[in-house]
Amino acid sequence: MSHKLKIAGWISVGALAGALTTVSLQTVARGSLAPLPLEELQQLAAVFGMVKTDYVEPVDEHKLISDAISGMVAGLDPHSQYFDKKSFKEFREGTSGRFVGVGIEISQEDGLVKVVSPIEGSPAYRAGLKPNDLITKIDDTVVKGLTLSEAVKKMRGEPNTKVTLTIFRKDESRTFPVTVTREEIRTQSVKGKVVEPGYAWIRLSQFQERTVDDFVKKVDEIYKAEPNLKGMVLDLRNDPGGLLDAAVAISSAFLPENVTVVSTNGQLPESKFVYKAAPEFYQRRAGADPLRRLPAGLKSVPLVVLVNEGSASASEIVAGALQDHKRGTVLGSQTFGKGSVQTVRPLGPDTGLKITTARYYTPSGKSIQAKGIVPDVLVDESEEGNLLSLLRVRESDLEKHLNSGQGPEVKDAAREKLRELAIKKAEEEARKPVADRKVPELGSDKDFQLAQAINQLKGRPVLVSKTQIIENKNEKKEQ
């Protein structure tokens with residue numbers, strides 16, 4: 001980013017449940033601080049002393065202090081967090097798109113780890129792992145009973161160390177061990193293809209350090225395959241967020257130069273800022289602007305932006321900017337609503353504090369926080385409807401969530417009734433065979449919302465939702 005912005009540290013934005021996403025502004029001391037509450041601090045010290053001397057068994061004083069800090073920060077909102085040494089390392093890996101492991105995209109099936117896809121060129125890819133392989137053991141640990149995150153931690157480790165995976169390959173009806181050497185893996189956050197002559201699909205799964213370069217490369221590939229592009233679908237579904245500068249850059253790829261992409265507002269002077277579609281607002285390093293390599297046609301190609309309840313923070317910034325500037329039609333479901341800014345302040349070489357310092361606003365001045373982006377066209381995730389999406393947690397459902405700052409929140413009683421129906425439908429789905437419960441892969445020929453997006457680009461009828469309930473209805477007229 002430009003030195004004018006005074007931005008430092010790790011910048012990212014995101015949803016709950018693994019989406020550790022934040023935005024970092026310059027770390028500066030406040031000009032004036034209120035007097036410290038000495039009586040309460042004395043009480044804290046007294047409790048610390050009592051726990052040290054009176055508790056049934058000795059406790060580690062460093063852990064006590066760490067837990068006290070964690071509790072104080074966690075009481076603010078769902079996104080403020082204290083990073084100890086381990087969590088700080090994991091946070092930095094998440095925003096860089098790099099980690100040390102075996103290189104597989106995974107899901108869970110019948111309590112086992114299922115290989116969705118080995119990352120091309122990774123140790124798992126070279127070892128011959130295939131999609132649909134089931135991992136039954138990691139070294140000597142049986143996978144059954146582990147959560148997905150626990151399984152991931154066991155497969156990750158230090159570079160050049162070995163891990164043995166026991167594989168069950170269903171189509172060959174055999175179980176066999178595979179020993180893989182861990183190495184640094186770079187995740188791919190951009191996918192894309194020409195879905196049919198004249199129409200392309202490009203998906204961003206997260207906004208990482210390499211996302212802008214990967215986006216430029218993928219767009220170039222698409223235009224070489226289809227020079228006469230008539231329409232593009234930008235897919236931000238289930239994108240939990242990522243780096244702010246990447247979100248500003250992706251928005252700038254489609255928008256006229258120097259228009260507003262997003263603004264922030266908070267207590268600190270540095271928290272009051274407007275980000276525009278210009279290189280000084282998104283370039284991290286000196287050198288040529290990567291967006292200059294994009295085809296000129298990208299600025300005017302008809303565009304549909306796909307979003308859903310899993311689209312959060314950085315993806316909401318992009319969708320909101322393109323919607324407000326009428327650059328594309330936003331289609332899908334109301335987004336997550338994570339529109340708060342977090343600053344990551346280092347507390348030492350290995351620890352840090354992620355604290356909410358501002359709210360995000362779309363170019364027209366609407367707060368994203370606890371509201372989200374309401375699509376121009378509401379479309380269900382399948383032809384059968386969108387009821388199950390009501391079971392997904394959104395920002396406004398989180399305990400202690402920050403409000404929008406633009407008036408009281410309005411909860412719709414009809415949404416709660418529909419949730420009851422959704423729970424019954426989910427119970428019915430759970431009784432079906434596993435094969436009948438599979439959700440179509442995003443970008444496939446069975447992707448209902450993508451098919452409706454292509455219809456929108458072609459000017460054909462779109463099957464709009466008949467079930468979706470919009471929160472904060474005053475923000476958007478009825479569909």
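See above for the structure.
Residues numbered from 1 in each chain as written. Predicted model: local features only at pLDDT ≥ 70, side-chain atom pairs only at ≥ 80, totals over all residues. Heavy atoms only, no water.

**Q** How would you sum up the overall build of the chain? Please name residues and give values.
**A** When helices and strands are counted, the chain shows 10 helices and 21 strands. Out of the 479 residues in the chain, the part that is buried amounts to 47%. By sequence separation, contacts in the chain at least 24 residues apart represent 71% of the contacts at least 6 residues apart. A total of about 24000 Å² of accessible surface is found on the chain, and carbon and sulfur atoms cover 53% of it. (Helix = DSSP H or I, 4+ residues; strand = E, 2+ residues; numbered from the N terminus. Buried < 20%, exposed > 50% of the residue type's maximum accessible area, 1.4 Å probe, protein only. Contact = heavy atoms within 4.5 Å. Areas by Shrake-Rupley, 256 points an atom, 1.4 Å probe, with all protein chains shown as cover.)

**Q** Which residues make up the side chain of threonine 166, and what are the values?
**A** Inspection of the secondary structure puts threonine 166 in strand S8 (residues 162-169). By relative accessible area, threonine 166 is classed as buried at 16%. With residues near it in sequence (within four places) discarded, threonine 166 still touches Leu134, Ile135, Thr136, Lys137, Thr175, Phe176 and Pro177.

**Q** Outline the environment of glycine 443, supporting the account with residue identities and numerical values.
**A** Looking at where glycine 443 falls in the secondary structure, it is placed in the loop between helix H9 (413-430) and helix H10 (448-458). For the pair glycine 443 and tryptophan 201, spaced 242 residues apart in sequence, the C-alpha separation works out to 7.3 Å. Setting aside chain neighbours within four positions, we find glycine 443 in contact with Lys193, Trp201, Arg237 and Leu450.

**Q** Summarise the packing of aromatic side chains; cite the residues concerned and give the values.
**A** The tally for this structure, following the rule as stated, stands at 4 aromatic pairs. Centre to centre, the rings of phenylalanine 83 and phenylalanine 88 are 5.6 Å apart; their planes meet at 25 degrees, and the pair counts as stacked. Side by side, phenylalanine 83 and phenylalanine 88 carry an identical accessibility label, which is buried. Joined through ring pairs, the aromatic side chains of Phe273, Tyr275 and Phe281 make up one cluster. (Phe/Tyr/Trp six-rings, centres within 6.5 Å; stacked < 30°, edge-to-face > 60°.)

**Q** Would you mind going over the nonpolar core in detail, with residue names and values included?
**A** Among the nonpolar cores identified, the biggest contains 51 residues, and Phe207, Phe215, Met232, Leu234, Phe254 and Leu298 are the most heavily contacted of them. Those elements that place two or more of their residues in this core are strand S12 (199-204), helix H6 (211-225), strand S13 (231-235), helix H7 (244-254), strand S15 (260-266), strand S17 (303-307), helix H8 (314-324) and strand S20 (352-361). A total of 8 residues in this core trace back to one element, the largest contributor, which is H7. Once you skip the residues sitting within four places of it in the chain, phenylalanine 215 turns out to touch Val190, Ile202, Leu204, Ile250, Ala253, Phe254, Leu294 and Leu298. Val115, Val143, Met155 and Val178 belong to the second-largest nonpolar core, a separate cluster that totals 17 residues. (Core = buried A, V, L, I, M, F, W, Y, C linked by side-chain atoms within 4.5 Å.)

**Q** I'd like to hear about unusual backbone geometry, residue by residue, with values.
**A** The backbone phi angle of asparagine 132 is positive, close to 80 degrees, even though this residue is not glycine. With respect to the helices, strands and loops of the structure, asparagine 132 is situated in the loop between helix H4 (123-126) and strand S6 (134-138). For asparagine 132, a relative accessible area of 41% translates into the label partly exposed. The residue serine 313 is not glycine, and still its phi comes out positive at about 50 degrees.

**Q** Before we move on, could you go through the pairing of S15 and cite the residues and values that matter?
**A** Buried residues dominate S15, accounting for 5 of its 7 residues. Pairing of S15 with strand S16 (residues 273-276), which is carried by 4 bridges, proceeds in the antiparallel orientation. In the strand pairing of S16, threonine 260 is matched with lysine 276. A loop of 6 residues connects S15 with S16, the two strands running antiparallel in sequence. (Pairing = 2+ DSSP bridges.)

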